[in-house]
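Chain by chain, the residues:
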Amino acid sequence: MQKIINFAAYKNIKGMNLSRAFVVALFATTLVQLTGAQVPVAVSTEKTVIDGKTYYLHTVKQGETLYSISKAYNVLQKDIVFNNPESLENIRVGQKLKIPEKSETTPPQKQLESSRHIYHIAEKGQTAFAITKLYEITLEELYRNNPELEHSPLQVGQVVAIPKKETPDAVAPAPVSLPMADYRTHEVKRRETLFSISKDYETDMNRILEANPEIDPVRKNLKVRQIIKIPYPDLAPISIPVDMSQADTVIVRQDLAPDTCSRTTQKEFRIALLLPLFIADNFPAISPDTTMTRDNEGRYRRKDGSYWMNARSENAVEFYQGALLAIDSLRKKGLAAKILVFDTGRDTIKITQILADPLMKDMDLIIGPFYTEQIHRMAHFAQENRIFYISPVSTNIESLKNNPYLIQVNSGEINSVPPMADFIADKDKNKDSIRVILMSNKAETDQTLFEAYRNRLQSLLPDSLFTAVRFNIDSMMTPPQYLQKNKPNIVIVTASNEAFINLLAAQLNAATYDYAINLYGLDVWTRFVNLDAEYLHHLEFRFASAYHIDYTRKDVLQFLRKYRKYYHSEPVNKQEGSTWSMFQYAFLGYDVMFFFGSAMQQYGKNFGYCISHFNLPMLQSDFHFTKVNFESGHRNTRQDVYHYTKTYSIMKEKLAKEY
């Protein structure tokens, strides 16, 4: 099925003023810092053993860099990044890094390169055309390896991937060190202040004052349309020869400068929705129920007049209904768009047929498909036509590898581990006064989640305060066997079997008369029909989730009113097989369409290059997108921690950092 919707002309909506200068993280044995003194790094005495390997636990201090830490521990930077993926973008004061005890010997230096590319650092005044002449490649080759260059100007310091020549005697010119531009300019807009501008550009207000002596340092007065200088952050330039012989791959993380992520001039957009609607399944030859009647179009109706729908279609239909409401909201903000809707089913043959439609090559945004095997089939098409596509529900991280145009929305349960474990460690500063018990049901297949919690907690807590156990429901330990009196007991459970959780929650609730207990678990528990909510509030239950709906919010209530008005039904959580969905599909459809529709309106077809910086509050799930590596797609890592309080409310906890 294909459906086309047209909307009228679009007005610009307010978006972020992006200001972060580029950040480069390299898998290398040497990174030379050319400016600024290095802060001495003290080697930690704290160690842990994970899977038989010994690691130092290093807490990052002010002024320390990935380079200085790697030199202090005599390891390669890639060894730190592999064990701490979040350090690809940057490292933060207070962050705890796992540093392997041993690393390979550092070999002699040579040019920065991977098996397929040489990496060039753009100089001031250099153009894409000049680079093609320098390396004797065509513009087409340059754009194919750096698609962002086709529609955005080359930035000073930008990392450019140069494809290697196939001939063995091809030699690329020696790379050069990075000269940083001093300033960019900003035109003051109505209601902007020096403080708000400094926040937008993530730079110190005093540095802006130093760069603009005409501004009164006391009154800090600005005029509308005044042009002021914004200094770039004090980033250490890099020099390129570096040793790559020990690295399996080169991973470069580049955050585009605000000039690259500028507002688009495009007036109309084309969006494709690829949804598993299973339309054919809704026209069976035999009635699903003998009491139903069939209309002239072959659809079955119940006695109350409502239409019957195949269960396989329900989630995608709710997603579609939510997306239509988002399109309506965007239309009222001036969206001009053509929407094409395709029924993908679940097989790859339909995806192949859809991609063969000439209209697909003209899309600015593709939302879908849902299933992993179909997502893989999309990869070549998206790269060839430079179209970003959104995976709303899949959590398969393998899909992201070498797939730069894929954006994965579903955060997945595994991403709940860092915020939950860190919250426990941050909340209980006096670690000697607590006992932490990690437990699960042996009969369940949650081993990956269980091990992720165990590894994270072992890195944060001494062994004397932490224990991990797995048992079956028919041999469940009683609370006195694992709890301690006279100290708070934090019980973390990774199981999702409703019968197991019901029994455990009842036992822990009864034990609160003799023990101090806080329960931590999974978001899915909140949708269990038979789990007594009284237990959760009494145990001060906490869970991490990327998907939570606050039904007291005005925008949520407005969405519900519109949904009821147009569809005469309620958006509901549905079970997928034997498990509950992590999200409500109607809300997910709205959030995905509104978020990416807004990003596309802001930045145009190449919004994906700026998606890491784009923030927009959503109904069910706020998004925070990061790249796994330089050549990968983006994935959503956003998680929040929620608390069932003893006063029978549910509140969001304040976390030390954003996840």
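What counts as what
Residues numbered from 1 in each chain as written. Predicted model: local features only at pLDDT ≥ 70, side-chain atom pairs only at ≥ 80, totals over all residues. Heavy atoms only, no water. Buried < 20%, exposed > 50% of the residue type's maximum accessible area, 1.4 Å probe, protein only. Helix = DSSP H or I, 4+ residues; strand = E, 2+ residues; numbered from the N terminus. Arc of directions from axis to C-beta. Salt bridge = Lys/Arg side-chain N within 4 Å of Asp/Glu carboxyl O. Core = buried A, V, L, I, M, F, W, Y, C linked by side-chain atoms within 4.5 Å. Axes fitted to C-alpha atoms, helices over the stretch in contact; angles between N-to-C directions. Parallel < 35°, antiparallel > 145°, perpendicular 65-115°, else oblique. Left-handed = near helix turned anticlockwise from the far one by under 90°. Contact = heavy atoms within 4.5 Å. Pairing = 2+ DSSP bridges. Nonpolar A, V, L, I, M, F, W, Y, C, P; charged D, E, K, R; others polar. Phe/Tyr/Trp six-rings, centres within 6.5 Å; stacked < 30°, edge-to-face > 60°. Lys NZ or Arg CZ within 6 Å of the ring centre and 35° of its normal.

1. Considering helix H3 (residues 128–135)
For an α-helix, 3.6 residues make a turn, and residues three or four places apart therefore share a direction. Looking at H3, one finds that the buried residues are Ala128, Ile131, Thr132 and Tyr135. An end-on view of H3 places all buried positions within 100° of arc, on one side of the element. Looking one or two residues beyond H3, the residue adopting positive phi is glutamate 136, at roughly 55°.

2. What to know about the pattern of salt bridges
Evaluated as defined, the whole model comprises 19 salt bridges. Its salt-bridge partner being lysine 96, residue glutamate 46 comes within 3.8 Å of it at the nearest N-O pair. Of this pair, glutamate 46 sits in the loop between strand S1 (2–6) and strand S2 (47–50) while lysine 96 is found in strand S4 (residues 96–100), placing the two residues 50 residues apart along the sequence. With a shortest N-O distance of 2.7 Å, arginine 456 and aspartate 422 are connected by a salt bridge. Here arginine 456 is found in helix H11 (residues 447–460), whereas its partner aspartate 422 is found in helix H10 (residues 417–427), with 34 residues between them in sequence. When its relative accessible area of 24% is taken as the criterion, arginine 456 is described as partly exposed. Taken together, the salt bridges that share partners define one network made up of Asp328, Arg331, Lys332 and Lys562.

3. Here's the deal with the nonpolar core
If you look at the biggest cluster of nonpolar residues, it comprises 79 residues, and the most contacted ones within it are Met360, Ile366, Phe596 and Phe607. Counting residues per element, this core draws most heavily on helix H15 (residues 585–603), at 13 residues. Within the second largest apolar cluster, 51 residues are counted, among which are Leu449, Ile492, Val524 and Val641.

4. Comments concerning the packing of helix H7 (residues 311–332) against H15
Where H7 contacts H15, the axes come no closer than 6 Å and their chain directions differ by 40°. Here H15 runs oblique to H7, going by the angle between their axes. Along this stretch, H7 crosses H15, giving a crossing that reads as right-handed. In contact with Asn315, Glu318, Phe319, Gly322, Ala323, Leu325, Ala326, Ile327, Ser329 and Leu330 of H7, H15 contributes Tyr585, Ala586, Leu588, Gly589, Tyr590, Val592, Met593, Phe594, Gly597, Ser598 and Gln601.

5. Details of the sheet that holds S4
In space, the three strands of this open sheet follow the order S2-S3-S4, with antiparallel pairing throughout. Strand pairing shows two members of the sheet lacking a second neighbour, S2 and S4, which therefore form its edges. The sheet shows a mean angle of 40° between the axes of neighbouring strands, direction not considered. Pairing geometry for S2 and strand S3 (residues 53–59), over four bridges, is antiparallel. Across the sheet, the residue bridging to valine 49 is threonine 54, located in S3. Where H11 meets the sheet, it contacts S2, S3 and S4, and its direction lies at approximately 165° from that of S2.

6. Topic: unusual backbone geometry
In the segment running from glycine 368 into proline 369, the intervening peptide bond is cis, with an omega of 0°. A positive phi angle, close to 55°, is found at glutamate 136, a residue other than glycine. Looking at the element boundaries, glutamate 136 is found in the loop between H3 and helix H4 (139–145). Glutamate 136 sits in the exposed class, given a relative accessible area of 62%. For glutamate 540, which is not a glycine, the phi torsion comes out positive at approximately 50°. With respect to the element layout, glutamate 540 can be found in the loop between helix H13 (533–538) and strand S20 (542–545).

7. Section: the packing of H10 against H11
Where H10 meets H11, the closest approach of the two axes is 10 Å, and the angle between their N-to-C directions is 35°. Along this stretch, H10 crosses H11, giving a crossing that reads as right-handed. Touching Val417, Pro418, Met420, Ala421, Asp422 and Ala425 of H10 are Leu449, Ala452, Tyr453, Arg456, Leu457 and Leu460, all from H11. Broken down by class, the residue content of the contact of H10 with H11 amounts to 10 nonpolar, no polar and two charged.

8. Some details on the environment of glutamine 602
Relative to the elements of secondary structure, glutamine 602 occurs in helix H15. Glutamine 602 sits 340 residues away from serine 262 along the chain, and the two C-alpha atoms are 7.7 Å apart.

9. What to know about H10
By the criterion of burial, H10 is predominantly enclosed, with eight of the 11 residues buried. The complete set of buried residues in H10 reads Val417, Pro419, Met420, Ala421, Asp422, Phe423, Ile424 and Ala425. Where H10 is buried, its residues meet strand S16 (435–441), H11, strand S18 (489–493), strand S19 (517–521), S20 and strand S25 (640–644).

10. Description of the sheet that holds S16
Pairing in this open sheet of seven strands is mixed, and the strands run S17-S16-S18-S19-S20-S25-S26 from one edge to the other. Either end of the sheet is taken by a strand with one partner, and the two such strands are strand S17 (466–471) and strand S26 (650–652). Going from strand to strand, the sheet's axes swing by 25° on average, the running direction of each strand aside. Bridge analysis of S18 against S19 gives four bridges, and the strand direction is parallel. Following the sheet pairing, valine 491 is matched in S19 by leucine 519. Running over the sheet, helix H12 (residues 498–511) touches S16, S17, S18 and S19 and is turned about 175° from S18.

11. Comments concerning the packing of aromatic side chains
To describe a pair of aromatic rings, one takes the distance between the centres and the angle between the planes. All told, the structure shown has 26 aromatic pairs when counted by the stated rule. When the ring of phenylalanine 319 is compared with that of phenylalanine 370, the centres are 5.4 Å apart and the planes differ by 80°; the resulting orientation is edge-to-face. Here phenylalanine 370 lies in the loop between strand S13 (365–367) and helix H9 (372–385) and phenylalanine 319 lies in helix H7, a separation of 51 residues in the sequence. Both residues of the pair, phenylalanine 319 and phenylalanine 370, count as buried. One aromatic cluster is present, formed by Phe388, Tyr405, Phe595, Phe596, Tyr603, Phe607, Tyr609, Phe614, Phe623 and Phe625 through successive ring pairs. Here arginine 346 stacks its cationic end above the ring of tyrosine 371, 4.0 Å away from the centre of that ring. Here the basic side chain of lysine 485 rests over the ring of tyrosine 515, its NZ or CZ set 5.8 Å away from the ring centre.

What is shown is where atoms sit, not what they do.
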